[in-house]
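Residue-level structure breakdown
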Amino acid sequence: MALKLVTRSQWGARAYRTPNGATPYSRPRRGVKLHYLGTPYTDRTHDRCDDYVRQLQAQHMDGNGWSDIGYSFLVCTHGYVYEGRGLKRRNSANGSTTLNDQDYAVCLLVGSSELTKPTSAQLDGTRDAIEYCRTSGPAGTWLGGHRDGYATACPGDVVYAWVKAGAPRPASATPAPTAPTPTAPKPTQEADVPTVIDESNALDVQLESGKWLPLAFADEGALLAGPVPALAIDVHLYFDVATTADTKIQGVFYLTNTDGTGASNYLVIDHKGGGGHQFHHSHPIPAGKKLWFQVRAISPDGTPVTLLHRVASGLHWS
Ligand SMILES: [Zn+2]
Ligand SMILES: [Zn+2]
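Just so we're clear, the structure is a prediction, and the values are computed from it rather than from any experiment.

**Some words on the coordination of the zinc ion (ligand 1)**
Protein coordination at the zinc ion (ligand 1) comes from His35 (ND1), His146 (ND1) and Cys154 (SG), with a distance range of 2.1 to 2.3 Å. Expressed as a motif, the donor residue spacing for the zinc ion (ligand 1) is H-x110-H-x7-C. For His146, a relative accessible area of 11% corresponds to the buried category. Residue Cys154 is classed as buried on the basis of its relative accessible area, which comes to 5%.

Encoded structure:
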């Protein structure tokens, strides 16, 4: 995708506040941090996007007393990249001067309610912005969200899972139809928007030392059924703090046929001791297969281990 940049003069930005506004800062950045608006947001036609960006700039300058809009760039649901402070200047969105120096700040115009899921055009635009920061910033390859290193829900679970999966382009990104005829099939843009997985189970489970235990999830026990061409999910497990530090905790994702036969494992992921452990998975699931997860604990003296809480979170494109 070619970057669809909307420059400050194109969206009618106010000038940086002087004398010390939007501090020039040209050192290389570690990478890019993503943000969302953190307020309710409703989608709008693209001719009203620049009104919104100007309104946000006024809020940051007149309400927060900042020298300019806080973000380096903003990406609307139509995939346009609005130049905020832009390159070579420090943003004021990441939470502290150190964090603002460390990474560029890119905000997706999605909210904490109403419109909460980015469009595929927006994910493409965000990817364009990330690449622009890398090539012209320059910025390194680190990717994350406002919540990395700062206590905030920003950029929301959907955007966060996407950026931690490496900010992949939506699988079937196609250019917007220019002049659809009445007989043209409807564009299947829904399929480009990821589905969120967010399951939590606080039931205590006793793990017999050395014995694998398959965990049940919403989809008839399985985590997901194929075909799933792209996904990024994490299983988080929380073990009793009394679990000794030399207790081995192992988790493994595996596939079976739809009827549960023909199990084949991915690599076993090893952790140790009590507290929280995270198991990440991002391999596509072929048609006719289901993805499962199982866990075991091996304690040195053979005592059972208590699993207190489990969460499956992430997203997939199906
Ligand atoms: Zn933020
Ligand atoms: Zn727009």
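**A closer look at the coordination of the zinc ion (ligand 2)**
Surrounding the zinc ion (ligand 2) are the protein donor atoms His46 (ND1), Cys49 (SG), Cys76 (SG) and His78 (ND1), which sit 2.0 to 2.3 Å from the metal. What the four donor atoms of the zinc ion (ligand 2) show is an angle range of 102 to 116° at the metal, which sorts the shape as tetrahedral. Each donor residue of the zinc ion (ligand 2) lies on the same chain, and together they follow the pattern H-x2-C-x26-C-x1-H. In this pair, Cys49 is assigned in helix 2 (residues 49-63) and His78 in the loop between strand 4 (73-75) and strand 5 (81-83), connecting sequence segments 29 residues apart. Assessed through its relative accessible area of 0%, Cys49 is described here as buried.

**Considerations on the environment of Thr195**
Note on placement: Thr195 falls in strand 9 (residues 195-201). With a relative accessible area of 36%, Thr195 lands in the partly exposed category. Apart from the residues lying within four places of it in its own chain, the contact partners of Thr195 are Gly314, Leu315 and His316.

**Overview of the domain arrangement of the protein**
Each assigned domain of the protein is listed here: domain 1 (5-164) and domain 2 (194-317). At the interface, five residues of domain 1 touch six residues of domain 2. Considering only the side of domain 1, the residues that lose the most area to domain 2 are Lys117, Val158 and Ala161, jointly responsible for 58% of the buried surface there. In this assembly, domain 1 and domain 2 are joined by zero salt bridges. At the boundary of domain 1 and domain 2, one finds zero residue pairs in polar contact (both at pLDDT 80 or more). If you tally residues by element for the side of domain 1 that touches domain 2, the top one is helix 5 (residues 157-164), at three residues. In the side of domain 1 that touches domain 2, the residues fall into four nonpolar, no polar and one charged.

What counts and how
- Residues numbered from 1 in each chain as written.
- Chains lettered and ligands numbered in written order.
- Predicted model: local features only at pLDDT ≥ 70, side-chain atom pairs only at ≥ 80, totals over all residues.
- Heavy atoms only, no water.
- Donors = N, O, S within 2.8 Å, 3.2 Å for Na, K, Ca; no water.
- Buried < 20%, exposed > 50% of the residue type's maximum accessible area, 1.4 Å probe, protein only.
- Tetrahedral: all angles 85-135°; square planar, octahedral: opposite > 155°, others 65-115°.
- Helix = DSSP H or I, 4+ residues; strand = E, 2+ residues; numbered from the N terminus.
- Contact = heavy atoms within 4.5 Å.
- Domains from an automatic or database assignment.
- Buried area = accessible area lost by both parts, 1.4 Å probe.
- Salt bridge = Lys/Arg side-chain N within 4 Å of Asp/Glu carboxyl O.
- Polar contact = N/O pair within 3.5 Å; in protein donor to acceptor, adjacent residues only side chain to side chain.
- Nonpolar A, V, L, I, M, F, W, Y, C, P; charged D, E, K, R; others polar.

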